[in-house]
Structures are given as structure tokens and as C-alpha cells.
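Residue-level structural notes
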There are 2 protein chains.
Amino acid sequence: MAQYFYPPSVEALIAALTKLPGVGPKTGQRLAMYLLHTRAEDAQGLAQAILQAREKVRRCQTCGNLTDDELCPVCRDGQRDQTTICVVEQPGDCIVVEKTGQYHGLYHVLHGALSPMEGVGPENLNIASLLRRLQTGLVQEVIMATNTGVEGEATALYLARQIKPLNIKVSRLAYGVAVGGDLEYTDEATLGRALQGRLSL
Amino acid sequence: MAQYFYPPSVEALIAALTKLPGVGPKTGQRLAMYLLHTRAEDAQGLAQAILQAREKVRRCQTCGNLTDDELCPVCRDGQRDQTTICVVEQPGDCIVVEKTGQYHGLYHVLHGALSPMEGVGPENLNIASLLRRLQTGLVQEVIMATNTGVEGEATALYLARQIKPLNIKVSRLAYGVAVGGDLEYTDEATLGRALQGRLSL
């Protein structure tokens, strides 16, 4: 006897949802049921938001960050400190730095990190345009805010080697213990770096 | 100085994704970045699948299960045992029962369970049509496969009281230990029920 499954349109929806990162078959079913039962404007709103974002979003011609226009708001903003560029791997990293409220310079988004294992070389990242931005002589410091894993570190070192000959200061985020964090849960490598970089009180 | 955030179209996408159950701001951002960077056909495919499913899917006129047609495949299938109806809360529950390969009768989907706390009464569930189906005299047994929480139990008891006067057998899924499960991790209520319902070897 034929077993019954979801109707084709629901199976198609589950399959499409299951392609999302971190969404397995169970979560896919749950999300599909939600989308079928929620208000029509919520479900259609999500579909439209996906199509709209895909259509509108592009990379800023200067820094590579996501924008709906030719230039991103940071690059358009004449008030920002034009002498400093903070280099990050992903667009989301800019938001995190912005939220500190302590950085007022420009950004450059690499869209990844060097990874020989995955065949990502300098030519696959948004690096050429960074070096071009540094030709103007306006920039005095480049802050490497790539991730602190092997790939992020390698990328920071690679870029530092390219940039230093241009007589531009290259810096890296400080390593150390998290604010409000317990020492007990800090890994040894981080704690070691925090000791090396200890501050006088 | 103005803080920079995602462009409006990306913020709109994150907001729409964050409405999904179990998706918070962080996951919403991660899913949005995935949808922006994945292949265009995957992102558009998800948007289309949502719209298609919302347009096509309706409730089976007989059993209330999800279907792309007037009747669901089970209700259309003359080979299924027409004398037994398995009552479940949600469409997904039919799939779970089907996967056992041990049930060949019909289904009835309530689309919820009685819940005075949330204002869900019998009139808010797909119950009237179940009682109508039982008028034909063809059905000999109704199996209550509602969930085993307070609401599912209350719903099963309520329906049993409505159906028994029609001289139709009403049964409930057996309670007991899970197959392959450790006794150590079985809760007391379940183990108590398993003792009460013990089988002779």
C-alpha cells in the first residue's frame, strides 16, 4: 500500500527550507508548517524580502560592503575619519564594530579569508581594491579585524606584508580576556595572549 | 556620528526571517547572509516555494489533512481500510504514523487540541466534520493519536465521550517505554503506564 507523504507543494517547500544552513528535516517541516499557517502577509512578506534583497543588494564600489546603492553609507559619509580603514572578513563584522561606538573610520570587506585548503587565494578576495584605496596617500592606518582563527590570522599577516612597504601603519585587534568573562572559562591560548599584552594599572 | 547598519533591503530580510519560530536576531542575520550569497536559484527557489505552497495547499474536504487537491491522497485511495479513522492533531502526525508502515486506515486532522487556557474550544477544531464522517455507519474504530500532554489527553477524552454513544470503538495509542530506550531515562509517569499495560511473554 502506498505510504502517504506531504503534498508536492509542501514537500517542495520543506526541501527549499532544508537547504538553509542549520536547518535539518525536522526544522524544515516545522518552518514549513509555520509558513503555511501564519498570516498570509508574513509568508508572502518573507518571499518578497528574499526576492527584493537579491535584486537590490550589491557590493559598495569602494569598500565591498553590502549596500542598496553604488556606495555604502559609510563611504558616502564625509564625516567619517578618512585616514583609517578597518579590514573585516564579512559585512556582519562591520555591524559588530559599529556597535562598539568607538570606531569612526572607514571599512574594507574582504568577503572571506585566505584558505589554501579551500582554494581561496588573494585573487578570490576583495584585496586588489584595498591596495588601490591605499595609493591615494590619505590613509594612515589599517586595522586588521579579521577573525582570530588560522585563516583570519594568515590573512591579516599577508595583508600586513603587502601594506607595510607603503609606509602605512598596520595594527591588529588586541587579544585578551572577554569583559565580564570568567578566567576559568578562558582558553589557555587567549589567556597567554592576555598575559603578554598586560596593561599597567 | 551615525552608526552604520545593514542596508534597508537586508534589514527587511532579517526582520522577515526573525519572525520564523526559533529564529533569533543572530540566526536571522546568518540566514540572510546565506540567502544573499547562495546561488540565485536557491534563494529564488525558496521564495517561489513559499508563494506556491501558500497558493496551492488547502485542507482535504474530508479529513482536513493538507493537500494540493480537493481530497488528500489517503481519502482518494480506495485501497485504504475505510472502517478505521486515526485522529491526529497536526498534518505532520499523519506522516509519522504512515512511516510505521503499520496503519492502513484513514486519518482525521484536528488542527490543534482543546485548550481552555488559549481559548481553543471544540468549535475551533476540525471536529464537526469528524462526527459527520461517523454518521455513515461504515467506520468501526476511531484511534486517538493526539499528543500525550494535558491538552492532547483532554481532546482524546472529549472525543471519546462524543463517539462512544454512536457504538463505535474508540481506542488510544499504548503508553509505554520507547523501543531501544534506557529505563534509566524513562520518566516515572511513562514507566508507571508501561507497568500497568505490561504484556505477557
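This text goes with the structure placed above it.
Throughout what follows, the structure given in this document is the object of discussion. (Residues numbered from 1 in each chain as written. Chains lettered and ligands numbered in written order. Predicted model: local features only at pLDDT ≥ 70, side-chain atom pairs only at ≥ 80, totals over all residues. Heavy atoms only, no water.)

A tally of helices and strands in chain A yields eight helices and six strands. Across chain A, helices and strands are ordered from the amino to the carboxyl terminus as α-α-α-β-β-α-β-α-β-α-β-α-β-α. The C-alpha radius of gyration of chain A comes to 22 Å, more than 25% above the 17 Å expected for a compact globule of 201 residues. Taking the principal axes of its C-alpha atoms as reference, chain A extends roughly 75 × 45 × 35 Å. In chain A, buried positions account for 44% of the 201 residues. (Helix = DSSP H or I, 4+ residues; strand = E, 2+ residues; numbered from the N terminus. Rg over C-alpha atoms; globule rule 2.2 N^0.38 Å. Buried < 20%, exposed > 50% of the residue type's maximum accessible area, 1.4 Å probe, protein only.)

Below, the discussion takes up the sheet that holds strand β5 (residues 141-144) of chain A. Residue and element names in this part refer to chain A. The four strands lie next to each other as β4-β3-β5-β6, forming an open sheet whose pairing is parallel. Here the strands that pair on one side only, and so sit at the sheet edges, are β4 (106-109) and β6 (169-172). Shown here is a sheet whose adjacent strand axes are inclined to one another by a mean of 25°, direction ignored. Note: β5 against β6, four bridges, orientation parallel. When the sheet's bridge partners are listed, Met144 is paired in β6 with Arg172. Relative to β4, helix α5 (residues 91-100) is tilted by about 155°, and along the sheet it contacts β3 (84-88) and β4. (Pairing = 2+ DSSP bridges. Axes fitted to C-alpha atoms, helices over the stretch in contact; angles between N-to-C directions. Contact = heavy atoms within 4.5 Å.)

On to the sheet that holds strand β5 (residues 141-144) of chain B, then. Residue and element names in this part refer to chain B. What the four strands build is an open sheet, ordered β4-β3-β5-β6; its pairing is parallel. In this open sheet, the two edge strands, each paired with only one partner strand, are β4 (106-109) and β6 (169-172). The average undirected angle you get between the axes of adjacent strands in this sheet is 25°. Relative to β5, strand β3 (residues 84-88) runs parallel, the two sharing four bridges.

Residues and elements named next belong to chain A. Because side chains alternate across β4, one face comprises the buried residues Leu106 and His108, and the other comprises Tyr107 and Val109, equally buried. Of the strand pairs in this sheet, β3 and β4 are connected by four bridges, and their pairing is parallel. If you follow Val88 over to β4, its bridge partner there is Val109. Once you follow β3 into α5 and on to β4, the crossover reads as right-handed. (Right-handed = clockwise from strand over helix to strand, strands pointing away.)

Moving on to the relation of the copies chain B and chain A. Rotating chain B by 180° about the axis while translating it 0.0 Å along that axis superimposes it on chain A, leaving an RMSD of 0.1 Å. Both chain copies can therefore be described as sitting about a two-fold axis. Taking C-alpha positions as reference, the residue of chain B nearest the rotation axis is Ala47 of chain B, located at 2.1 Å. The fraction of interface residues of chain B whose copies in chain A are also interface residues reaches 100%, indicating that both copies meet through the same surface. (Least-squares fit on C-alpha atoms with pLDDT ≥ 70 in both.)

What follows is about the interface of chain B and chain A. Tallying the contact residues gives 57 residues for chain B and 58 residues for chain A. Interface area, chain B with chain A, both sides summed: about 5200 Å², of which 71% is carbon and sulfur. Put simply, chain B and chain A have two salt bridges between them. Our count for the contact surface shared by chain B and chain A stands at twelve residue pairs in polar contact (both at pLDDT 80 or more). At the level of elements, α1 (8-18), α2 (25-37), α3 (40-56), β2 (66-67), α4 (73-76) and α5 (91-100) of chain B are the ones that each hand at least two residues to the side of chain B that touches chain A. Of all the elements, α3 of chain B adds the most residues to the side of chain B that touches chain A, at 13 residues. A breakdown of the residues in the side of chain B that touches chain A according to their chemical character gives 34 nonpolar, 13 polar and ten charged. (Buried area = accessible area lost by both parts, 1.4 Å probe. Salt bridge = Lys/Arg side-chain N within 4 Å of Asp/Glu carboxyl O. Polar contact = N/O pair within 3.5 Å; in protein donor to acceptor, adjacent residues only side chain to side chain. Nonpolar A, V, L, I, M, F, W, Y, C, P; charged D, E, K, R; others polar.)

Once that is clear, we can look at the packing of aromatic side chains. Enumeration over the complete set of coordinates arrives at two aromatic pairs over all chains. Here the basic side chain of Arg193 of chain A rests over the ring of Tyr175 of chain A, its NZ or CZ set 4.1 Å away from the ring centre. (Phe/Tyr/Trp six-rings, centres within 6.5 Å; stacked < 30°, edge-to-face > 60°. Lys NZ or Arg CZ within 6 Å of the ring centre and 35° of its normal.)

For the rest of this paragraph, the subject is the side chain of Glu141 of chain A. As for its placement among the helices and strands, Glu141 of chain A is situated in strand β5. Residue contacts for Glu141 of chain A: discarding those within four places in its chain leaves Thr83, Thr84, Ile85, Ile168, Lys169 and Ser171 of chain A.

This brings us to the state of the cysteines. Residues and elements named next belong to chain A. What the rule picks out here adds up to zero disulfides over all chains. We note that Cys72 lacks a disulfide partner, and the nearest cysteine sulfur, in Cys63, lies 3.6 Å from it. Classification of Cys72 as buried rests on a relative accessible area of 0%. Cysteine Cys94 is unpaired, with the sulfur of Cys63 as its nearest cysteine sulfur at 6.5 Å. (Disulfide = S-S within 2.5 Å.)

Turning our attention to the environment of Gly137 of chain B. Residues and elements named next belong to chain B. Among the structural elements, Gly137 can be located in the loop between α6 (128-133) and β5. For Gly137, a relative accessible area of 59% gives the class exposed. In this structure the C-alpha to C-alpha distance between Gly137 and Asn167, which are 30 residues apart in sequence, comes to 9.4 Å.

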